[in-house]
Amino acid sequence: MSAVIELTGITKRFPGVVANDEVNLTVERGEIHAICGENGAGKSTLMKILYGMQQADEGTMKVDGEVVTFNSPNDAIDAGIGMVHQHFMLADQLTVLENVVLGAEPVRVGGAIDFKEAKAHLAEVGADYGLTIDPDDMVETLEVGERQRVEIIKVLYRGAQILILDEPTAVLVPQEVEALFDNMRELKAGGATILFIDHKLDEVLEISDSITILRQGKTVATLKNDGVTAHDLAELMVGSELPSPETGESTVTDHVALSVRDVTVVDDDGRSVIENINLTIHKGEILGIAGVEGNGQAELVDAIIGTAAISHGIVELLGTDITSMSVRKRRESGIAYVPEDRHHEGLMLQAPLWENAALGHQTQKPYGSKWFMNRDGARAQTELIREQFDVRTPNIDVAAHALSGGNQQKLIIGRELTSDPSLLLAAHPTRGIDVGAQAAVWEQIRDARAAGLATLLISADLDELIGLSDTIVVMLRGRMVARLAPSDVTPRDLGAYMTGAASQDEPNHDQRRVVQ
Amino acid sequence: MGILQKLHALPAWIRWPLYALIGIFLLTVVQSISGTDRLTQVSTSREMLRWAVPIFLAGLGGLFSERAGVVNIGLEGMLILGMWFGAWGSIEYGAWWGLVIGMAGGGLGGLLHAIATVTFQVDHIISGVAINILAPAIARYLSDEIWASPTTSPRTSSVGDLDVPFIAGGSIFGWESPDVLLEIGKAEWWFVSDVADLARGLLRGTHWVAIIAVLLVPATTWLIWRTRFGLRLRIAGENPAAGEAQGINIVRYKYVAVIISGALAGLGGAFISTELSGLFQGGNSAGRGFIGLAALIFGNWRPGGVLAGALLFGYVFGLDLKDLDGTASHALLLVNTVVLGAVLVWALKRRRTTDAVLAGILGSAAFVWWLSADAVPSWWSNILPYVLVLLVLVFFSQRLRAPAKLGEPYRKGS
């Protein structure tokens, strides 16, 4: 076999960090090659260099044995390389066809796009690799898995033979992952070479032929997937064993912290986005919510924190009805909130850390009072958070965007947990952060649980849900479809409930069965 | 509900004239009650068109810019540059060149906006406001330098207008064709003659620029939705990172879009100075660049919608122009009442209580005002376009679809 891609001595520096430090990578034709490593190990940077989005400071790239330099993705596309980004690069308000042809539009004289020709070519590509999708659908109407298929079709449409998939499984439920892997096998059978980035080692072992591991910007090893175990990979990645989200002893008490009764939220068109939800979380309990994104989890959190209007039902915190309280009042009465998207809801990226630490608690001690901020108090508290929660930063005056994702998240967790809350709403608390920070966040949530905090945990990471939760509830289309004990459930089972393949009768009415 | 859906299913070339007929019917009915005859006069629709053309061109300019993700509140300034350069070009090189040079002047304003917002990532609103302040000052300075008068220019020449033959009495090679619409208008048939009068105002003495403007609706639709250029321009406004990942030079498309935007606003400005006023005069823009932006939002970032908005706003202004005693604009209050009543019914059917209550209150207020007065002050017609836009935003904001990344700074490679 000949090496289709050969990267030698690739080095890329950003102000203050070396993202890639003399990285070597060799990929054989027709193989599925996984790139593993913690967040910040330099995987994405390497792929961006290979796709021409960024240029290496040093090193050489060979494609099919010839030395190439890519100044833009166009060059990479010309060389037969296509990339599917982790965050989909699709325009919601354009059709599938428009998204696919973008940048490679067949045109007639005069510049008009030949949509007929485009459709024919799309159908051909789809048939070759067993991928189907309606070209006239608006992208905004598609499910996550379908969007990913559009992205893959987009790359194939351009005739790419080498596909880069950046964390393709991060957004998928197990069943969708399997569909993706089937697609990947078909692509491989069709002669394509696939490079993909993944954190999840069992997935890597299932699908890949070879594995390259990066750590702190350096190549640690390239292995054949032959007798390698997840344990080996983990050690290579972090230099130690994988942390696990296990919680250990149950700390669930009899005191009800949060009670959600019969809550329904409707959207602007009058359709219910969550319907008749019943939940009870006790002090010291972590209640996990599983569900494919967009099935009402976000709206449930909105209803509890007060950013969505409840059309009927009651929310009680420690026995007090908070249904008609403002968000501010709810926060002051002890709800801590780790939002799903830390950049949009969790932080002011341009503001210094100490201001960010005060966010949401600005009317409370030590950050301030009803009218005024207390600078000294806020700064002192931020220093405390920095120390206790290991937020790695030169000082507390740097802007929040200067921190890595993991440190941003630790700041948010610290801010919420130091506010002495009685309920924590944590939406995807470890999304997009590296293994080390993830372990720290788990540790903090566990400690808070032991101290009697009630937690509502939403996560797409099913291992995390199973490991941390005392009870798991599955949501599908705005309803609770299952209530499970984490001790006897696997990610596969969860996936079945999440996609509606399995169901439970009346999960609302057997609350006591698995709580203790 | 059913009726609305059926209407939506009709092809555009039937649907829009149908909407117009419904509108005229409403005007005719109101007119019969109110005892004014200005709502459907020939001069009213003529003035409407004269007002609407620059509003539409500015709004269409806004469409190019905003579809590419750049908010263009500087349209007013670009329109003023077009006014000045149009007048100057017309005086120096003749009427058609005046229009071209006016577009170039506006395009220069667009270029400035593009440099500020795309290259230097200045906030789009701030850059636009700066251009709006800068443009009249530049025009004033240049006027003073070149024409030795800071506010007015000598007479300009005009590319002229057209009487449509056979229906509005245009002549062909010296032969005067029949003026059918005039005859129908004279016949005083209820509604039919009103339609004829309004149509005649549009088809007799029609400025060439107005004809170009109307042709720009299908041309723009084709360009933006059917061509490679259009698709790439839209991706710059919907998801520039996605475009960049496909190797599209987003910066270039944004530049081109904003320059086209300025050029179209400039054409609107040149139309004001060379075709309407016959000279450059500071202040003649009368805020039509801003109203163009309002028409853009009203029209949901679509060319046909922008034209509809421009005509609607043009109607309000055009009506006011000849309406010295305020009785015709007063009759519009009744139109408002009826329209808000329709919104009320629509909102009730959709169970949107807040909207229904609001429409009910506003509609009743308009009705009470109509009952209790015989005329409205002229400020009312001046603010009416903005009131209309606010109402559209209040009631239909969910149906409005601005480009997803409108106004967001775009950095290459991030």
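About the thresholds
- Residues numbered from 1 in each chain as written.
- Chains lettered and ligands numbered in written order.
- Predicted model: local features only at pLDDT ≥ 70, side-chain atom pairs only at ≥ 80, totals over all residues.
- Helix = DSSP H or I, 4+ residues; strand = E, 2+ residues; numbered from the N terminus.
- Rg over C-alpha atoms; globule rule 2.2 N^0.38 Å.
- Buried ≥ 20, exposed ≤ 12 C-beta atoms within 10 Å, placed from the backbone.
- Contact = placed C-beta atoms within 7 Å.
- Nonpolar A, V, L, I, M, F, W, Y, C, P; charged D, E, K, R; others polar.
- Axes fitted to C-alpha atoms, helices over the stretch in contact; angles between N-to-C directions.
- Left-handed = near helix turned anticlockwise from the far one by under 90°.
- Pairing = 2+ DSSP bridges.
- Domains from an automatic or database assignment.
- Core = buried A, V, L, I, M, F, W, Y, C linked by C-beta atoms within 7 Å.
- Parallel < 35°, antiparallel > 145°, perpendicular 65-115°, else oblique.
- pLDDT = per-residue confidence, 0-100.
- Expected span 1.5 Å × (residues − 1).

Counting its secondary structure elements, chain A contains 18 helices and 20 strands. Taking 2.2 N^0.38 as the reference for a compact globule, 516 residues should give roughly 24 Å; the C-alpha atoms of chain A span a radius of gyration of 24 Å, in line with that estimate. The C-alpha extent of chain A, read off along each of the three principal axes, is 70 × 55 × 50 Å. Among the 516 residues that make up chain A, the fraction classed as buried is 47%. Here the analysis covers contacts within chain A between residues at least 6 apart in sequence; of these, 68% occur between residues at least 24 apart.

Before going further, it helps to spend a moment on the interface of chain B and chain A. Between chain B and chain A, the residue contacts involve 21 residues of the former and 23 residues of the latter. Put simply, the parts of the chain that give the side of chain B that touches chain A at least two residues each are α10 (228-238) and α11 (240-245) of chain B. At six residues, the largest contribution of residues to the side of chain B that touches chain A is made by α10 of chain B. In terms of residue class, the side of chain B that touches chain A is made up of eight nonpolar, seven polar and six charged.

Residues and elements named next belong to chain B. Where helix α5 (residues 95-119) contacts helix α6 (residues 124-147), the two axes come as close as 10 Å, and the packing angle between them is 145°. Handedness of the α5/α6 crossing: right-handed. Here Gly109, Leu112, His113, Ala116 and Thr117 of α5 come into contact with α6, specifically with His124, Ser127, Gly128, Ile131 and Ala135. Along the lines of polarity and charge, the residues of the contact of α5 with α6 split into four nonpolar, six polar and no charged.

All names here are of chain A. Reading across the sheet, the six strands line up as β16-β17-β18-β13-β19-β20 and stay open at both edges, with mixed pairing between neighbours. Only two strands of the sheet have a single neighbouring strand rather than two, namely β16 (335-338) and β20 (479-484). Taking each pair of neighbouring strands and ignoring which way they run, the sheet shows an average axis angle of 20°. Of the pairings in the sheet, the one linking strand β19 (residues 471-476) to β20 comprises five bridges and is antiparallel in character. For Ile472, the partnering residue across the bridge sits in β20 and is Leu484. Running over the sheet, helix α17 (residues 491-499) touches β13 (286-290), β19 and β20 and is turned about 35° from β19.

Below, the discussion takes up the sheet that holds strand β15 (residues 320-321) of chain A. Residues and elements named next belong to chain A. One open sheet holds the four strands; their spatial order is β12-β11-β14-β15, and the pairing between them is antiparallel. Here the strands that pair on one side only, and so sit at the sheet edges, are β12 (272-282) and β15. Docked against the sheet, helix α9 (residues 297-305) engages β11 (256-266), β12 and β14 (312-317), running at close to 65° with respect to β12.

Now for the environment of Ser149 of chain B. All names here are of chain B. With respect to the helices and strands, the residue Ser149 is situated in the loop between α6 and β1 (161-162). When the C-alpha atoms of Ser149 and Leu388 are compared, they prove to be 38 Å apart, with 239 residues separating the residues in sequence. Setting aside anything within four residues of it in sequence, one finds Ser149 in contact with Ser143 and Asp144.

What follows concerns the domain arrangement of chain A. All names here are of chain A. Domain annotation for chain A reports domain 1 (3-238), domain 2 (247-334 + 421-516) and domain 3 (343-420). Using C-alpha coordinates to define each centre, domain 2 is positioned 25 Å away from domain 3. Secondary structure elements with two or more residues in the side of domain 2 that touches domain 3: α10 (327-332) and α15 (435-450). It is α15 that contributes the most residues to the side of domain 2 that touches domain 3, five residues altogether. Residue composition of the side of domain 2 that touches domain 3, by class: eight nonpolar, two polar and four charged.

Here the focus is the nonpolar core. One finds Leu163, Ile164, Leu425 and Val474 of chain A together with Phe56, Leu57 and Ala295 of chain B to be the most contacted residues of the largest nonpolar core, which totals 259 residues. Apart from the residues lying within four places of it in its own chain, the contact partners of Leu163 of chain A are Gly82, Val84, Val155, Leu187, Ala192, Ile194 and Leu195 of chain A.

A word on the packing of helix α9 (residues 208-226) of chain B against α10 of chain B. Residues and elements named next belong to chain B. Direction vectors running N to C along α9 and α10 enclose 70°, while the axes themselves pass 5 Å from each other. What the angle tells us is that α9 and α10 run roughly perpendicular. For the pair formed by α9 and α10, the contact residues are Leu223, Ile224, Trp225 and Arg226 on the first element and Phe229, Gly230, Leu233 and Arg234 on the second.

Turning next to the confidence of the model for chain B. Per-residue confidence for chain B averages 90 on the pLDDT scale, and 99% of its residues sit at or above 70. The complex model carries a pTM of 0.76, and its ipTM stands at 0.86.

All names here are of chain A. The residue Asp420 is located in the loop between α14 (405-417) and β17 (423-427) in this model. Judged by the 10 C-beta atoms lying within 10 Å of it, Asp420 is exposed. Once the C-alpha coordinates of Asp420 and Ile133 are considered, the two residues, 287 residues apart in sequence, prove to be 50 Å apart.

Okay, helix α4 (residues 115-129) of chain A next. Over its 15 residues, α4 of chain A extends 21 Å from the first C-alpha to the last, a length consistent with the 21 Å expected when each residue adds 1.5 Å. Just downstream of α4 of chain A lies Gly130 of chain A, where phi reads positive at about 70°.

Moving on, we get to the pairing of strand β9 (residues 210-215) of chain A. Residues and elements named next belong to chain A. Bridging between strand β3 (residues 32-36) and β9 involves four bridges; their strand directions are parallel. Bridge pairing in β9 links Cys36 to Ile213. By the bridge criterion, six bridges tie β9 to strand β10 (residues 218-224) in an arrangement that is antiparallel. Paired with Ile211 across the two strands is Leu223, which belongs to β10. Counted between consecutive antiparallel strands, the loop separating β9 from β10 contains two residues, among which Gln216 sits at a positive phi close to 50°.

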